[in-house]
Amino acid sequence: MKITVTSSVTTGTTSINTSNTSPAVAQGCMTLFALPFAGVGVFTAYQAIKLAMEGKLAPAVPLGAFGAIFGSVGFGLIIGGFKARKTLAAKQARQAAAPDKPWLWREDWASRLIPDRSKAGAIGLWVFAVFWNLIAMPATYLAVKQGVTAVNKASWFIFLFPFVGLCLLAAATYSALRARRYGVSVLELVAVPIPLGREIAGRIHVPGVFEPEQGVRVTLTCGRQVTTGSGKNRSTTTTILWQDDQTIPGVLRDASGVAIPFAIAVPADQPQSDDSNSSNQIIWKVSASAAVAGIDYAAEFEVPVFHTSESDTAPPPEMAEREKAQLTAYTPPPDAPVSVVESGRGIDVSFPMGRNAGVAAGLTMFAVVWSLVVYALFQLDAPWFFRVVFGLTDLLLLAIATALWLGHSEIHADSTGLTLNSGVGPFSRSRHFAANEVTSVRPKVGMTSGNRAYFDLHLVFRDGSELVAGRGLSDPRQAEWVGGKLLAALRGGRGEAGQ
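Residues numbered from 1 in each chain as written. Predicted model: local features only at pLDDT ≥ 70, side-chain atom pairs only at ≥ 80, totals over all residues. Heavy atoms only, no water.

Colleague: Help me understand the sheet that holds strand S12 (residues 297–303) in this model?
Modeller: Backbone-to-backbone hydrogen bonds pair the strands of a sheet. The strands run either parallel or antiparallel. Taken in spatial order, the four strands make up an open sheet running S8-S7-S11-S12, and their pairing is antiparallel. Edge positions in the sheet fall to strand S8 (235–248) and S12, since each has one partner strand and no second. In this sheet, neighbouring strand axes are inclined to one another by 25 degrees on average, regardless of whether the strands run parallel or antiparallel. Here 13 bridges tie strand S7 (residues 216–228) to S8, and the two strands are oriented antiparallel to one another. When the bridges of S8 are listed, Leu220 appears paired with Asp244. (Pairing = 2+ DSSP bridges. Helix = DSSP H or I, 4+ residues; strand = E, 2+ residues; numbered from the N terminus. Axes fitted to C-alpha atoms, helices over the stretch in contact; angles between N-to-C directions.)

Colleague: What's the story with the packing of helix H7 (residues 357–379) against helix H8 (residues 384–406) in this structure? I'm lost.
Modeller: Any two packed helices are characterised by the angle at which their axes cross and by the distance between the axes. It is the contact of H7 with H8, at a shortest axis distance of 9 Å, that shows an interaxial angle of 160 degrees. Compared by their axis directions, H7 and H8 come out roughly antiparallel. Here H7 and H8 pass one another in a crossing that is left-handed. Per-class residue counts for the contact of H7 with H8 are 20 nonpolar, four polar and two charged. (Parallel < 35°, antiparallel > 145°, perpendicular 65-115°, else oblique. Left-handed = near helix turned anticlockwise from the far one by under 90°. Nonpolar A, V, L, I, M, F, W, Y, C, P; charged D, E, K, R; others polar.)

Colleague: Explain the pattern of salt bridges here, please?
Modeller: Where charged atoms from two side chains of opposite charge approach closely, those side chains can pair. Tallying each qualifying case throughout the model produces 17 salt bridges. The closest approach of N and O atoms between Arg106 and Glu302, which form a salt bridge, is 3.2 Å. Highlighted residues: Arg106 in the loop between helix H2 (57–97) and helix H3 (107–111) and Glu302 in strand S12, separated in sequence by 196 residues. Overall, the relative accessible area of 23% leaves Arg106 in the partly exposed class. Classification of Glu302 as buried rests on a relative accessible area of 13%. (Salt bridge = Lys/Arg side-chain N within 4 Å of Asp/Glu carboxyl O. Buried < 20%, exposed > 50% of the residue type's maximum accessible area, 1.4 Å probe, protein only.)

Colleague: How should I be thinking about the packing of aromatic side chains in this particular structure?
Modeller: Within a pair of aromatic rings, the relevant descriptors are the distance that separates the centres and the angle that separates the planes. The tally for this structure, following the rule as stated, stands at 14 aromatic pairs. Plain terms: the ring middles of Trp242 and Trp284 are 5.9 Å apart, the flat faces sit at 45 degrees to each other, and that makes the pair tilted. Residue Trp242 is located in strand S8, and its partner Trp284 is located in strand S11 (residues 280–290); the two are separated by 42 residues in the primary sequence. Neither Trp242 nor Trp284 differs from the other in exposure class; each is buried. (Phe/Tyr/Trp six-rings, centres within 6.5 Å; stacked < 30°, edge-to-face > 60°.)

Colleague: Explanation requested: the sheet that holds strand S15 (residues 346–351) in the structure shown.
Modeller: Pairing in this open sheet of five strands is antiparallel, and the strands run S14-S15-S16-S17-S18 from one edge to the other. Edge positions in the sheet fall to strand S14 (339–343) and strand S18 (427–434), since each of these pairs with one other strand and no more. Between one strand axis and the next, the sheet turns by 10 degrees as a mean value, whatever way the strands run. Summarising the sheet, strand S17 (residues 417–424) and S18 pair through eight bridges and their orientation is antiparallel. What sits directly across from Leu420, in S18, is Arg431. Of the strands in this sheet, strand S16 (407–414) and S17 are in contact with H8, which crosses S16 at around 45 degrees. (Contact = heavy atoms within 4.5 Å.)

Colleague: What should I look at first to understand the environment of Phe70 in this one?
Modeller: With respect to the helices and strands, the residue Phe70 is situated in helix H2. Of the residues examined, Phe70 reaches a relative accessible area of 24% and is grouped as partly exposed. Sequence-distant contacts of Phe70, that is, excluding residues within four places in its chain, are made with Phe37, Ala38, Val40 and Gly41.

Colleague: What should I look at first to understand H2 in this one?
Modeller: The end-to-end C-alpha distance of H2 is 59 Å, a good match for the 60 Å that 41 residues give at a rise of 1.5 Å each. Listed as buried for H2 are Ala60, Ala65, Gly67, Ile69, Gly71, Gly74, Ile78, Gly81, Leu88, Gln92 and Gln95. (Expected span 1.5 Å × (residues − 1).)

Colleague: Please explain the side chain of Arg355 as it appears in this structure.
Modeller: Here Arg355 is to be found in the loop between S15 and H7. Buried within the structure, Arg355 lacks any salt-bridge partner; Asp456 is the closest side chain of opposite charge, at an N-O distance of 6.9 Å. At 3.0 Å, the side chain of Arg355 and the backbone oxygen of Gly407 are in polar contact. There is a polar contact of 2.7 Å between the side chain of Arg355 and the backbone oxygen of Arg471. (Lys, Arg positive; Asp, Glu negative; His and termini not counted. Polar contact = N/O pair within 3.5 Å; in protein donor to acceptor, adjacent residues only side chain to side chain.)

Colleague: I would appreciate a short explanation of unusual backbone geometry in the present structure.
Modeller: Leave glycine aside and you will find that most residues have negative phi; peptide bonds, for their part, are mostly trans. Residue Val192 is joined to Pro193 through a cis peptide bond whose omega torsion reads 0 degrees. Along the chain, Pro193 falls in the loop between strand S4 (186–189) and strand S5 (194–195).

Colleague: Sorry, what's going on with the side chain of Asp456 here?
Modeller: Its location among the elements puts Asp456 in strand S20 (residues 452–461). Classification of Asp456 by relative accessible area gives buried; the value is 7%. A polar atom in the side chain of Asp456 sits 3.2 Å from the side chain of Arg471. A polar atom in the side chain of Asp456 sits 3.4 Å from the backbone nitrogen of Gly472. Setting aside its immediate chain neighbours within four residues, Asp456 contacts Arg442, Pro443, Lys444, Gly446, Val468, Gly470, Arg471 and Gly472.

Here's what the structure looks like:
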């Protein structure tokens, strides 16, 4: 039997529907699911101990590992069920007390003190690494005993699993060392919620004391997290919808360690936080990172961004002036991936080949490894379906890598119009547009690499259509600055940075 509590919440112009399972039912279902694992784990562990006491260590070791895996999963789920029941009951109580204020439904959001999510990720990584190795190591040992020969080439793939396990253990160890050095960071927000069209301001408190070598990079990201499939075929992907960052030159000392103050403008045209559908969520997060001697600092916080009554009004004059001043005073760094040259003839912007060499090199290495896998599939006479799918994927990866290395575009803009010359390597196409055809030059998120977004420059025309004029700007401020320069040249001005 399923008991649900349903509420309809309207925040600004967006409606949020939530449906929460009864805490007792949720715990009961999780416990019933976990009992077979716990039972098998206890029974297997007992048999392993019995064999060990009889001196039969060879069968006892893998049996004990098997029991540890199942027992850990079973009892871990049972303990997690108790914690989940308590958390869910508290959340439902907060929902009932403030049905129209979803930012008060989470304890950390309501208190304006949000702990770093990296610790939970580190624990999860350790659990997964141990689980992987408890399976991979015995399986590899048994495979080697049965015989890994040069004739049976497919058998050599078994060594891939312990190699991955060692990499996972290395990553988990690094995350544990980072947690030990810096502790659990806490983001203290100035106000909750954070309205769309305003700004997020606060301080990140870090228990550990450190001096960043090149400042602290604070990034605000809006992403859509989509989960598809079920069971072992379940997968989650995150698409970055918007991202902005700023570099804080240094840290402040406080009673707990150090503090990192920041303030970042939040665009008005992005979706608000939404976890009403666990398979399709909108998540806003603040992340901070700094290069430090030894182990680098990193932290991540999920923040409440919502459409409120403030979102429907113009931002305060001081906020608009501050943003305009920042864009006007912007100066591209010496290693900027694009070049901008202003002259009496207008402005020339060049997106050269190989401008994002790090991303291109990483994808190229991955494509090479994938090509080796495809080669092995053909050598081992794998089923045609796998050879075709993996082969087509390999071609796509190689095509993207080629575009990253050889893709280029050159833009010239003046009061008479804009000329765009773009292509891959020696192949290019030139197009010209009259100045009054282009209504704006808008930066949008293009490719992503890990948690980093790269921006494309879109030319927006009078009929509403758009055309990508340049790709791969890693700094959103630079994307806005270049776009403003192009638009100013089209309007007959020089040196203005406005859209």
